[in-house]
Amino acid sequence: NFPAEKSQLYYKKLTPYSEQNSVFKKIDPSRTRFQFQLPFYDDELRWDPFDNAEAFDLKSVSISLLAYRMDISMDDVNPSLQLQKTFRNNLYFFSAPPGSTDPQITIHINSAHLEKVRTSIAFMLAALLALATVGWIIWHPIILPYFQKESIWATRIKNVAKKETL
């Protein structure tokens, strides 16, 4: 279980970390997985998991872009202020000693690779849209009349309705 009710993730793009460039996440303590929505990012994220002396296990960190998921090596998830990281029972254990007021974790990500993935996805979606448009231009003279003609059932229902009104 995660020991806090809220957590904060800082992101940046060629600027220092700031409250404006951060996301708060309300945490359900019974959940073992949660995610932050990021509008942009640089090579490092800063996660402030909680505000005092607490401890938790962390199995993995990943970033998702549509259907693409990139796992972050736990070697790139490091305590940077008032936290200690150890490995036990196949999990990474983070603990903040008594008196901690602002524990922080730095997460290094390969933003250049993610930018390539984002660009590839954008080109793929643009190509699919272009293909659909060209397909519509070529096939609409055949498809449109098919969908505009009445079905046999619609004709029967109209005929029954006409007979009932007479």
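Our subject in this report is the structure included herewith. (Residues numbered from 1 in each chain as written. Predicted model: local features only at pLDDT ≥ 70, side-chain atom pairs only at ≥ 80, totals over all residues. Heavy atoms only, no water.)

## Concerning the packing of aromatic side chains
(1) Moving on: Evaluation of the coordinates by the stated rule reveals seven aromatic pairs.
(2) Moving on: On the numbers, 5.6 Å between centres and 65° between planes, the contact of Trp47 with Phe56 is edge-to-face.
(3) Moving on: Classification of Trp47 by relative accessible area gives buried; the value is 6%.
(4) Moving on: The exposure class assigned to Phe56 is buried, which follows from its relative accessible area of 4%.
(5) Moving on: Ring centres 5.5 Å apart and planes at 15° place the aromatic pair Phe56 and Phe94 in the stacked group. Here Phe94 lies in strand S9 (residues 91–95) and Phe56 lies in strand S4 (residues 55–58), a separation of 38 residues in the sequence. One exposure class covers both Phe56 and Phe94, and it is buried.
(6) Moving on: Feature note: the residues Phe34, Phe36, Trp47, Phe50, Phe56 and Phe94 constitute an aromatic cluster, connected by ring pairs. (Phe/Tyr/Trp six-rings, centres within 6.5 Å; stacked < 30°, edge-to-face > 60°. Buried < 20%, exposed > 50% of the residue type's maximum accessible area, 1.4 Å probe, protein only. Helix = DSSP H or I, 4+ residues; strand = E, 2+ residues; numbered from the N terminus.)

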